[in-house]
Amino acid sequence: DAMVIQNPRYQVTQFGKPVTLSCSQTLNHNVMYWYQQKSSQAPKLLFHYYDKDFNNEADTPDNFQSRRPNTSFCFLDIRSPGLGDAAMYLCATSRGDRAGYTFGSGTRLTVV
Amino acid sequence: AQTVTQSQPEMSVQEAETVTLSCTYDTSENNYYLFWYKQPPSRQMILVIRQEAYKQQNATENRFSVNFQKAAKSFSLKISDSQLGDTAMYFCAWTYGNKLVFGAGTILRVKS
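What counts and what doesn't
Residues numbered from 1 in each chain as written. Chains lettered and ligands numbered in written order. Predicted model: local features only at pLDDT ≥ 70, side-chain atom pairs only at ≥ 80, totals over all residues. Heavy atoms only, no water. Salt bridge = Lys/Arg side-chain N within 4 Å of Asp/Glu carboxyl O. Helix = DSSP H or I, 4+ residues; strand = E, 2+ residues; numbered from the N terminus. Buried < 20%, exposed > 50% of the residue type's maximum accessible area, 1.4 Å probe, protein only. Pairing = 2+ DSSP bridges.

Colleague: Any chance you could break down the pattern of salt bridges for me, citing the residues and the numbers?
Modeller: Between side chains of opposite charge, pairing is possible as soon as their charged atoms come close. Residues and elements named next belong to chain B. Applying the stated criterion across every chain, the model contains eight salt bridges over all chains. Close ionic contact of Glu10 with Arg109 constitutes a salt bridge, the shortest N to O distance being 2.7 Å. Of the two residues, Glu10 is situated in strand S2 (residues 10-14) and Arg109 in strand S12 (residues 106-111); the sequence distance between them amounts to 99 residues. Across the salt bridge formed by Asp26 and Lys73, the nearest N and O atoms sit 3.6 Å from each other. Pair noted here: Asp26 is in strand S4 (residues 24-26) and Lys73 is in the loop between strand S8 (64-69) and strand S9 (74-79), with a separation of 47 residues, a long-range link. The partly exposed category is assigned to Asp26, whose relative accessible area is 34%.

Colleague: Account for the pairing of S8(B), with residues named and values stated.
Modeller: Residue and element names in this part refer to chain B. By the bridge criterion, two bridges tie strand S7 (residues 60-61) to S8 in an arrangement that is antiparallel. Across the sheet, Glu61 pairs through a bridge with Phe64, a residue of S8. Taking the residues that link successive antiparallel strands as the turn, the S7-S8 hairpin has two residues, and the phi of Asn62 there is positive, at about 55°. As paired strands, S8 and S9 are joined by six bridges and run antiparallel to one another. Within the sheet, the bridge partner assigned to Gln69 lies in S9 and is Ser74. Counting the residues in the hairpin turn of S8 and S9 gives four residues, including Lys73, whose phi is positive at 55°.

Colleague: Report on unusual backbone geometry, specifying residues and quantitative values.
Modeller: Residues and elements named next belong to chain A. For the bond running from Asn7 to Pro8, omega is -10°, close enough to zero to count as cis. Along the chain, Pro8 turns up in the loop between strand S1 (4-7) and strand S2 (10-13). Its identity is not glycine, yet Ser40 carries a phi of approximately 60°, on the positive side. One can find Ser40 in the loop between strand S4 (31-37) and strand S5 (44-50).

Shown next as structure tokens:
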């Protein structure tokens, strides 16, 4: 089945140690999104790629970066994780027609 | 401001009963999509139902239906014959450009 896959499911990282989260898709969708979701809150969009065009949200901290080397993969890099960055990170994709979005299972990040 | 508001932080319903979750939004756009997503404790974001703003007919998916009032900018979700598996966080969302913007969510608990 076509899907969005996030690895790893759970990630523990040390305070200040760079960490990378991975997302891949078999849907051939043009747009890939990264959301941060803290406990019992709505997902908050960090940034998205429309093909190779990167779109950062105005309030996304500089500590968060993203790479999209090809259509299938997108990475979220956190350069110096703080305790406040502990959250679920959700990857989503769409064709860019606003009609539908497919989510991965998420990566739960713990910072120790 | 382009916002989505869910005014009910938590709701409970007895199994087999009907429950309605409220959502209002604010937009100056005329053509957009509205969604209800379900997020059970497993954290996978699952699409429940979708409504295209230019369609007057309310969307229906099995036990799930919406009451879409475009002029009032209201988009409520009705769940009929509630089941224990419906217990989850429910998010109302709409498309702003290429982005999916979420409301704060409503926790729904179905009781046996």
